[in-house]
Amino acid sequence: MRKDKKQVIGDDISDEQIKLFLAVEPADATPPSLHKLVKAYRGLRDHDFERFLGFFVEAGYDLDAKDADGNDFVALIQDQRNAEAYVAAVKAARG
């Protein structure tokens, strides 16, 4: 890490910073909704991801988007070590 950059761990992030994950677009044939979910999963802590899901649903994106193999977001991440809170958040957002 560069000396002029401070490492940020645990600081709160703003709604605007979370909403930036809605702007990411896939470079391949991945459905945009699925791509946004995966990017947010990789970039946000679980409680920030929950906030992201509110903006995601409000913007009209699809929580059930599937890749070419028929896998939705939950199927893609469910076997990962820290996925439990994220999977629970998506299931709660589905209603």
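Since we're looking at a predicted model, the values are computed, not measured.

Cut-offs used in this document
- Each residue is numbered by its place in its chain's sequence as written, counting from 1.
- For this predicted model, a pLDDT threshold of at least 70 governs which residues receive local features, and a threshold of 80 or more governs which side-chain atom pairs are given and counted, while totals over whole chains, interfaces and linings are taken from all residues.
- Excluding hydrogens and water, the side-chain figures rest on all heavy atoms present in the structure.
- Counting from the N terminus, the helices are DSSP H or I runs at least four residues long and the strands are E runs at least two residues long.
- Here, expected helix span is obtained from the residue count minus one, scaled by 1.5 Å.
- Only protein chains enter the accessibility calculation, which uses a 1.4 Å probe. A residue is then buried if its area is under 20% of the maximum for its type, exposed if over 50%, and partly exposed in between.
- By the convention used here, residues are in contact when the closest approach between their heavy atoms is within 4.5 Å.
- By construction, the arc corresponds to the directions joining the helix axis to the C-beta atoms.
- Axis definition: a line fitted to C-alpha atoms, limited for helices to the stretch in contact. Angles are taken between N-to-C directions and run from 0 to 180 degrees.
- Just so you know how the angles are binned, under 35 degrees is roughly parallel, over 145 roughly antiparallel, 65 to 115 roughly perpendicular, and the rest oblique.
- Crossing handedness is read from the near helix: turned anticlockwise from the far helix by less than a right angle, it gives a left-handed crossing, and turned clockwise, a right-handed one.

Peer 1: Run through helix 2 (residues 32-43), naming residues and quoting values.
Peer 2: Here helix 2 spans 16 Å end to end across 12 residues, near enough to the 16 Å set by a 1.5 Å rise per residue. Every buried residue of helix 2 is accounted for by Ser33, Leu34, His35, Lys36, Leu37, Val38, Ala40 and Tyr41. Taken together, the buried residues of helix 2 touch helix 3 (46-58), helix 4 (73-77) and helix 5 (84-94).

Peer 1: Hey, could you go over helix 5 for me, with residue numbers and the actual values?
Peer 2: Inspection of helix 5 places Tyr86, Val87, Ala89 and Val90 among the buried residues, and these make up the whole buried set. Along the axis of helix 5, the buried positions cluster into a sector of 160°, meaning they face one direction only. Among the exposed residues of helix 5, those pointing more than 90 degrees away from its buried face are Glu84 and Ala92. Structurally, helix 5 contributes buried residues whose contacts are with helix 2, helix 3 and helix 4. Of the residues flanking the end of helix 5, it is glycine 95, one or two places downstream, whose phi is positive at about 95°.

Peer 1: Could you give me a rundown of the packing of helix 3 against helix 5, with the residues and numbers involved?
Peer 2: Relative orientation of the contacting elements helix 3 and helix 5 amounts to 20°, with a least axis distance of 9 Å. Looking at the two axes, helix 3 sits roughly parallel to helix 5. With respect to the hand of their crossing, helix 3 and helix 5 are arranged in right-handed fashion. Of helix 5, the residues touching helix 3 (which contributes Asp46, Phe49, Glu50 and Leu53) are Ala85, Tyr86, Ala89, Val90 and Ala93.

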